[in-house]
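# Topology and contacts: notes
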Amino acid sequence: MTIPTEINQQATDLRHLLNKYNNLYYVTDNPEVTDSEYDRLFIQLQKLEADYPELLTVDSPTQRVGGKALDKFSQITHSLPMLSLDNVFDGEELHAFDQRVRDWLNTTNIQTYAAEPKLDGLAISIRYEHGILVQAATRGDGTIGEDVTENVRTIQSVPLKLSGDNVPEVVEIRGEIVMPKAGFETLNKQQIADNKKPFVNPRNAAAGSLRQLDSKITARRPLAMYCYGVGEIQGMDLPKTHYETMQQLAQWGCQISTELLQVEGVDGCLAYINKLGEQRDSLSYDIDGVVLKIDDITLQQRLGFVSRAPRWAIAYKFPAQQEMTIVDDIEIQVGRTGALTPVARLQPVFVGGVTVSNATLHNQDEIDRKDVRVGDTVIVRRAGDVIPEVVQVVLAKRPDNTVKFTIPTQCPICQSDVERLEGEAVARCSGGLFCPAQRKEAIKHFASRKAMDVDGLGDKLVEILVDEGLINDAADLFKLTIEQLSSLDRMGEKSATNLIASLETAKQTKFARFLYSLGIREVGEATARSLASHFLTLEALEMADEPALIEIEDVGPIVAHHVVTFFQQTHNREVIKRLLDAGINWPAEQKRISDSELSGKTIVLTGTLEQLSRSEAKEKLLALGAKVAGSVSKNTDYVVAGRDAGSKLNKAESLNITVVDETTLINWLN
Ligand code: 5U1
């Protein structure tokens, strides 16, 4: 059938538009059209291709959904070997590497390095002929890999066709396939919901997804590719530096790391490494280090490589975030609300940069799912500030005679019955404030930094004070005397005097802080702020019923129920009265400036602020009705960039988001 010229043109235009929108959405994170507009154009193209099958091209975005399942992957010999990297683990080793480079080059000149994150994924080589993606191969042993073309074609950030008018005859682009953290979390939730085994980490999930013989399964997995190099190239000369080569890849529509930078000498490398180390947990993908490459390609060629590792590049490895260790015991912790949390006591292991000897096991469902037992060898993960957790049991190492662990039916602290409500994962001690564990946790919460901020009253001291019978609740704190405190073990008169002074200082507080410190279930800092600014006085809040509470933004029926129940309890009202009698007070609440310029705006704070702390800035912005977010997205209105702002600032710039400095922030707040 001959295809009318205008239909042909329409299909070409649609392919071009959809590929462009795809790139803007997945590669530059800067969408230009709504999802529904994209879907409309996509369906239009699908329809044209169904009516005129001859129109179908390999670079059509409709071809990303996966095809027929394979029996096995065929093997591919890489036209140029895929190299690996030598590693260094500290500054000294990095200095030695740099010295070796300069010795080989016979120079004392400070070298320019291209620095970029070392992504924790799978190395891949994708081949384009005349701009069209024709092949994708795993690294394999570096010489022979597996043909995963059908799977890689489903990854949205991999262009099916390179854009621009300077596309070479042949180019092999090398990079890493990863599963971004957010996609990994969603995938694992789905795996659990489907009664399937969750993946241990994003890398395993990416590997499992890429090695599917059925590319339709890969198509449903949230994979991404980040490019970091070029293998074979024919028909064009690449730029003279690695950095510029990466810019060329970006112009062809390939995704490169937004963290790529040129740095000078080892000092520049180390500054980059430190900064990226700090940002590690806020990046959208897992990294295991930094790759440093001599930027000048001519120098790279002079240096060459030895046994599959280039002499011109090195990986600076960060501490692993996952390690193996043994569960010595499983203990139960009783929290402020009576929740029983099983905690694995581990043989100490260095993971994520710290020594870990405890890991939460969350609840009985989690224990059952992972089947963690005393004596098991387990994989422990710790990323950033996240509480360490047991990811998986290594069943092959399970000793004989281990027994399944079950949360007890009596509270291990006060022996009250343990209840688990229908549909709830959490088991709770029914002892309430009769349970010393719950009392201790309630007092610790009351004194904590974001609550009443009682300086010098640490968790250990609270436990001693309760165990010694000196306090039973938060109000008792204000009856403590210097004599009582200084009679305690390891508590001198000076510390005792300081603590009494801190308690005195803490009495001047804010309504929201006071509310938060009461430890009402489900009332976190933000909800406490909403309650304070809505009701303005404690009396008004105490009188509020559930319908009145539900009217507030962020307060749902569960929170409303907990608030009402809290104020109905006689002992809670008594403790509040004693706290107020002790002198706790706060300035009268003002109604929020809802029509302020910042009201409803989403703001991200990044870098170091000099004139006020991040938490102060956050509190003040919230008081002006703004929302303060942790990461930059297209929904961000402003980014406040302090000193040494890093990836969030870069992202804001790439998304064209207004960036302001600290002075502007102070002006806003004033
Ligand atoms: N970011 C990045 N990762 N990575 C891995 N760059 C990079 N370069 C590599 C490897 C194996 O190899 C080239 C230096 C050849």
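Note that the coordinates shown come from a computational prediction; the quantities given were computed from them, not determined experimentally. Going along each chain's sequence as written, the residues are numbered from 1 onward. A pLDDT threshold of at least 70 governs which residues receive local features in this predicted model, and a stricter bar of 80 or more applies before side-chain atom pairs are shown or counted, although totals over entire chains, interfaces and linings include all residues. Computation of side-chain values: all heavy atoms of the structure, hydrogens and water removed.

Before going further, it helps to spend a moment on the pattern of salt bridges. We count a salt bridge whenever a side-chain nitrogen from Lys or Arg sits within 4 Å of a carboxyl oxygen from Asp or Glu. Applying the stated rule across the entire model yields 34 salt bridges. R398 is paired through a salt bridge with D371; the nearest N and O atoms lie 3.3 Å apart. Placement of R398 in the loop between β18 (389–393) and β19 (418–419) and of D371 in the loop between α11 (364–370) and β17 (377–381) is noted, with a sequence separation of 27 residues between them. The network of salt bridges with common partners includes R127, E129, E172, R174 and E232. Per the convention used, a helix needs a DSSP run of H or I reaching at least four residues, while a strand needs a run of E reaching at least two, with both numbered from the N terminus.

Attention shifts here to the nonpolar core. Across soluble globular proteins, nonpolar side chains show a tendency to be buried alongside one another. The biggest cluster of nonpolar side chains holds 53 residues, and the ones touching the most others in it are L515, L531, L549 and L579. Listing elements by their share of this core, those giving two or more residues are α12 (436–447), α13 (459–467), α15 (493–506), α16 (511–517), α17 (525–535), α18 (538–543), α20 (557–568) and α21 (570–581). In terms of residues, this core owes the most to one element, α20, which gives 6 residues. It only takes one pair of heavy atoms within 4.5 Å for two residues to be counted as in contact. L515 has contacts with I520, A528, L531, A532, L538, L541 and F567, leaving out every residue within four places of it along the chain. Take the buried Ala, Val, Leu, Ile, Met, Phe, Trp, Tyr and Cys residues and link them wherever side-chain atoms come within 4.5 Å; each set so joined is a nonpolar core. Per-residue accessibility, obtained with a 1.4 Å probe over protein chains only, is compared with the maximum for each type, and a residue is labelled buried under 20%, exposed over 50%, and partly exposed between these values.

With that settled, consider the pairing of strand β14 (residues 322–334). The side chains of a regular strand alternate between both faces of the sheet. The sheet contact formed by β14 and β17 spans 5 bridges and is antiparallel. Across the sheet, residue Q322 finds its bridge partner in β17, namely R381. Pairing between β14 and strand β15 (residues 340–351): 7 bridges, direction antiparallel. Of the residues in β15, the one forming a bridge with V327 is L346. Criterion used throughout: strands pair if DSSP finds at least two bridges between them. The turn joining β14 and β15, which pair antiparallel and follow one another in sequence, is formed by 5 residues; a positive phi near 85° is taken by G338.

A few words on helix α9 (residues 265–279). Here α9 contains 15 residues, and its C-alpha end-to-end distance of 21 Å stays within 8% of the 21 Å for a straight helix at 1.5 Å per residue. Three or more residues of α9 are buried, namely G265, V266, G268, C269, Y272, I273, L276 and Q279. The buried residues of α9 occupy an angular sector of 155° when the element is viewed end-on, so they sit on one face. In α9, the exposed residues that point more than 90 degrees away from the buried face are D267, N274 and E278. Taken together, the buried residues of α9 touch α3 (91–105), β3 (112–119), β9 (261–264), β10 (287–294), β13 (313–317) and α23 (647–654). Every helix has an expected span of 1.5 Å times one less than the residues it contains. The reported arc concerns the directions from the helix axis to the C-beta atoms and nothing else.

A separate point is the pairing of β15. One ladder, built from 6 bridges, connects β15 with strand β16 (residues 354–360); its direction is antiparallel. Paired with A344 across the strands is A359, a residue of β16.

Of all the residues in helix α8 (residues 242–251), the buried ones are H242, T245, M246, Q248 and L249. The buried side chains of α8 occupy one side of the element, clustering within an arc of 155° when seen end-on. Turning to α8, the residues buried within the fold contact β3, β7 (170–178), β8 (224–234), β10 and α10 (297–303). Just downstream of α8 lies G253, where phi reads positive at about 100°.

Turning next to the state of the cysteines. Sulfur atoms of two cysteines make up a disulfide when they are within 2.5 Å. This structure, assessed with the given rule, holds 0 disulfides. Free of any disulfide, C411 has its nearest neighbouring cysteine sulfur in C429, separated by 3.7 Å. Of all cysteine sulfurs, the one in C414 lies closest to C435, which takes part in no disulfide; the gap is 3.7 Å. Residue classification places C435 among the buried positions, given a relative accessible area of 0%.

It is worth spelling out the packing of α20 against α21 at this point. Fitting a line to C-alpha atoms yields each axis, with helices limited to the stretch in contact; the angle taken between N-to-C directions then spans 0 to 180 degrees. Closest axis-to-axis distance for the α20/α21 pair is 5 Å, and the angle between their directions is 75°. In terms of orientation, α20 lies roughly perpendicular with respect to α21. Facing α20, whose interface residues are F566, F567 and Q568, α21 presents T570, N572, R573 and I576. Of the residues contributing to the contact of α20 with α21, the split by class is 3 nonpolar, 3 polar and 1 charged. Oblique is the label for any angle not under 35 degrees, not over 145, and not in the 65 to 115 range, which are roughly parallel, roughly antiparallel and roughly perpendicular in turn. When residues are grouped by polarity, Ala, Val, Leu, Ile, Met, Phe, Trp, Tyr, Cys and Pro land in nonpolar, Asp, Glu, Lys and Arg in charged, and all others, Gly among them, in polar.

Turning to the sheet that holds strand β23 (residues 638–641), a few remarks are in order. Strand order in this open sheet of 4 strands is β22-β21-β23-β24, and the pairing throughout is parallel. A strand with exactly one partner marks an edge of an open sheet, and here the two such strands are β22 (627–629) and β24 (658–660). Taking the axes of each pair of neighbouring strands and ignoring which way they run, one obtains an average angle of 30° across the sheet. Where strand β21 (residues 602–606) meets β22, 3 bridges bridge the pair, whose relative direction is parallel. Within the sheet, the bridge partner assigned to I603 lies in β22 and is V628. This element, helix α22 (residues 614–623), spans β21 and β22 of the sheet and lies at about 170° to β21.

A few words now on unusual backbone geometry. In this structure, H130 is a non-glycine residue whose phi angle is positive, near 50°. Positionally, H130 belongs in the loop between β4 (122–129) and β5 (132–138).

On a scale of 0 to 100, pLDDT captures the predictor's confidence in every residue. Of all residues in the protein chain, 99% have pLDDT values of 70 or greater, and the mean over the chain is 92. No element of the protein chain has a lower mean pLDDT than helix α24 (residues 662–669), at 83, and none a higher one than β9, at 98.

What follows concerns the domain arrangement of the protein chain. Segment limits for the domains were obtained from an automatic or database-derived domain assignment. Examined at the domain level, the protein chain breaks down into domain 1 (5–64), domain 2 (87–317), domain 3 (322–397), domain 4 (439–581) and domain 5 (602–669). On a C-alpha basis, the centroid separation for the pair domain 1 and domain 5 is 37 Å. Across the boundary between the two partners, domain 1 contributes 4 residues, which contact 4 residues of domain 5. Reported buried area values correspond to the accessible surface (1.4 Å probe) lost by two parts on association, with both partners' losses combined. Across the interface of domain 1 and domain 5, roughly 300 Å² is buried in total on both sides, 49% from carbon and sulfur atoms. When the buried area of domain 1 at its contact with domain 5 is split by residue, D29, N30 and P31 rank highest and sum to 89% of it. In this assembly, domain 1 and domain 5 are joined by 0 salt bridges. Residues adjacent in sequence count toward polar contacts only when both atoms are side-chain atoms; beyond that, a polar contact is any pair of N or O atoms within 3.5 Å, and within protein one must be able to donate a hydrogen and the other to accept it. Our count for the contact surface shared by domain 1 and domain 5 stands at 0 residue pairs in polar contact (both at pLDDT 80 or more). Its residues placed into classes, the side of domain 1 that touches domain 5 shows 1 nonpolar, 2 polar and 1 charged.

Once that is clear, we can look at the environment of R369. Considering the arrangement of structural elements, one finds R369 in helix α11. Along the sequence, R369 and T149 sit 220 residues apart, while their C-alpha atoms lie 35 Å from each other. Those residues within four positions of R369 in sequence are excluded, and the remaining contacts are I192 and P198.

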